[in-house]
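# Descriptive structure summary
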Amino acid sequence: MAAGARSGHGEPAERPGPPADAVPGPPERAADPDTPGAGRTEDGDLDDEGTRKPQRPFWKELPLLIVVALVLALLIKTFLVQAFSIPSDSMQNTLQRGDRVLVDKLTPWFGSEPERGEVVVFHDPENWLAGEPTPESNVVQDVLSFIGLMPSAKEKDLIKRVIAVGGDTVQCAKGGPVKVNGKALDEPYIFPGNSACDDKPFGPFTVPDGKIWVMGDHRQNSWDSRYHIDEKTKGFVPVDEVVGRAVVVAWPINRWSTLPVPDTFDQPGLSAAAAVAPGAIGLAGALPLVLWRRRRLTGGRTAG
């Protein structure tokens, strides 16, 4: 073997060590393989150094939660549903004084208009509630009504049943039923002992487009369209003044119920459009035949 050569057996190779003047530091902390994402921040309860961070106290997050809840409530009140309180007996027995109803405010945003038989809430069209006292409210009630958790004491709104819509002819003679487009209504929802309109017969009237004719279910205790015929509104309520349809009695709990459209408003021929439709379809079908015949006769004379 040449001088200076090593066999490589039995003598391990020397490894370079730290400098003699190096200051020893803390041992490195090995990542726990069972803890994915070691070194995470608050989401994993660990910061960049791998130490656990304390969670934020609940009382610090509470104001944010309250703000979010109020914003959501305000959006729901504005665009979805709103609670209203029944202040009178004009809709008995369908609704009782003190009931809370939920009103659908979403569908009008998509162009939906009130239909016959629906119970609707609408703004006072032209001082129908003149002289009615406005209850006093406190600050808490004002805040809760602003976000939709309580009805507003300052808003003067009415709630009635839609009897006729734009284009309909509505009337009621003393002793007789209410008629819409010549069809008598069967009204089991009228307050027991009341007549359909004996206290205030009316009509016939044709409801203008964009308007509705409304009446209370407690006919002899309802200041409805019948009593405003001689006023500027002629008893009609503009569709633009309708807040929405009352769909549910939400309070008190023992009176919880929905407010469906009575079957009498679904009877055949009630719609003014449906009554005109057969004649219109017949005319549309006959017109091409008449034109074809006239053209044939004209052509025959020309050829002769």
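Residues numbered from 1 in each chain as written. Predicted model: local features only at pLDDT ≥ 70, side-chain atom pairs only at ≥ 80, totals over all residues. Heavy atoms only, no water.

## Quick word on the overall build of the protein chain
The helix and strand inventory of the protein chain stands at three helices and twelve strands. The proportion of buried residues among the 304 residues of the protein chain is 30%. In the protein chain, of all internal contacts separated by at least 6 residues, the share reaching a separation of at least 24 is 69%. (Helix = DSSP H or I, 4+ residues; strand = E, 2+ residues; numbered from the N terminus. Buried < 20%, exposed > 50% of the residue type's maximum accessible area, 1.4 Å probe, protein only. Contact = heavy atoms within 4.5 Å.)

## Quick look at the confidence of the model for the protein chain
Per-residue confidence for the protein chain averages 75 on the pLDDT scale, and 57% of its residues sit at or above 70. Per-element mean pLDDT across the protein chain ranges from 49 in helix 3 (residues 272–303) up to 97 in strand 9 (residues 211–215). Of the regions scoring below 50 in pLDDT, residues 37–44 engages in eleven contacts with residues more than four places distant in sequence or in other chains. Segment residues 273–286: pLDDT under 50, and one contact once partners within four positions in sequence are set aside and those in other chains are kept. (pLDDT = per-residue confidence, 0-100.)

## Remarks on the environment of Glu 241
The residue Glu 241 is located in the loop between strand 10 (237–238) and strand 11 (242–251) in this model. For the pair Glu 241 and Asp 124, spaced 117 residues apart in sequence, the C-alpha to C-alpha distance is 7.7 Å. Apart from residues lying up to four places away in sequence, Glu 241 is in contact with Phe 122 and His 123.

## So, the state of the cysteines
Taken as a whole, this structure holds one disulfide when the rule is applied. The disulfide partner of Cys 172 is Cys 197, and the S-S distance across this bridge is 1.9 Å. Residues Cys 172 and Cys 197 are joined by a disulfide whose S-S torsion is about -85°; by sign, that bridge is left-handed. Residue Cys 172 is located in strand 5 (residues 169–172), and its partner Cys 197 is located in the loop between strand 7 (183–184) and strand 8 (202–206); the two are separated by 25 residues in the primary sequence. Each member of the pair, Cys 172 together with Cys 197, is buried. (Disulfide = S-S within 2.5 Å.)

## Points about the sheet that holds strand 8
Judged by pairing direction, the sheet is antiparallel, and its four strands sit side by side in the order 7-6-5-8 without closing on themselves. Looking at which strands have only one partner, the edges of the open sheet turn out to be strand 7 and strand 8. Pairing between strand 5 and strand 6 (residues 179–180): two bridges, direction antiparallel. Bridge pairing in strand 6 links Gln 171 to Lys 179. (Pairing = 2+ DSSP bridges.)

## Focus: the side chain of Asp 224
Considering the arrangement of structural elements, one finds Asp 224 in the loop between strand 9 and strand 10. Within the structure, the side chain of Asp 224 is placed 3.0 Å from the backbone nitrogen of Gly 216, a separation counted as a polar contact. Within the structure, Asp 224 has its side chain in polar contact with the side chain of Arg 226 (distance 2.8 Å). Asp 224 has contacts with Trp 128, Lys 160, Val 214, Met 215 and Gly 216, leaving out every residue within four places of it along the chain. (Polar contact = N/O pair within 3.5 Å; in protein donor to acceptor, adjacent residues only side chain to side chain.)

## Comments concerning the pattern of salt bridges
For the coordinates displayed, the defined rule picks out eight salt bridges. Salt-bridge contacts for Arg 97 lead to Asp 89; the nearest nitrogen and oxygen are separated by 3.3 Å. Where Arg 226 meets Asp 199, a salt bridge forms, and the shortest distance between an N and an O atom there is 3.0 Å. A residue pair is termed long-range when its members are at least 10 positions apart, and Arg 226 in the loop between strand 9 and strand 10 and Asp 199 in the loop between strand 7 and strand 8 qualify at 27 residues. The exposure class assigned to Asp 199 is partly exposed, which follows from its relative accessible area of 30%. By sharing partners, the salt bridges in this structure join Asp 199, Asp 224 and Arg 226 into a single network. (Salt bridge = Lys/Arg side-chain N within 4 Å of Asp/Glu carboxyl O.)

## A short note on the packing of aromatic side chains
Tallying each qualifying case throughout the model produces five aromatic pairs. With a centroid separation of 5.8 Å and 40° between ring planes, the pair formed by Phe 205 and Trp 213 is classed as tilted. Phe 205 gets classed as partly exposed once you look at its relative accessible area, which sits at 25%. One aromatic cluster in this structure is built from Phe 202, Phe 205, Trp 213 and Phe 236. In this structure, Arg 161 packs its charged tip against the face of Tyr 189, placed 4.1 Å from the ring centre. (Phe/Tyr/Trp six-rings, centres within 6.5 Å; stacked < 30°, edge-to-face > 60°. Lys NZ or Arg CZ within 6 Å of the ring centre and 35° of its normal.)

## Looking at the pairing of strand 5
Burial along strand 5 is one-sided: Val 170 and Cys 172 are buried, while Thr 169 and Gln 171, pointing the other way, are not. Looking at chain direction, strand 5 and strand 8 are connected through three bridges and run antiparallel. Across the sheet, Cys 172 pairs through a bridge with Phe 202, a residue of strand 8. Counting the residues between successive antiparallel strands, the hairpin from strand 5 to strand 6 contains six residues, one of them, Gly 175, with a positive phi of roughly 85°.

## As for the nonpolar core
In this structure, Ile 163, Val 170, Val 178, Leu 185, Phe 202 and Trp 213 are the most contacted members of the largest nonpolar core, which totals 18 residues. Residue assignment for this core shows that the elements contributing at least two residues are strand 4 (157–165), strand 5 and strand 9. Not counting residues up to four positions away in its chain, the partners in contact with Phe 202 are Val 170, Gln 171, Cys 172, Cys 197, Trp 213, Met 215, Arg 226 and Ile 229. Grouped together as the second largest cluster of nonpolar side chains are 13 residues, Met 91, Val 101, Val 243 and Leu 259 included. (Core = buried A, V, L, I, M, F, W, Y, C linked by side-chain atoms within 4.5 Å.)

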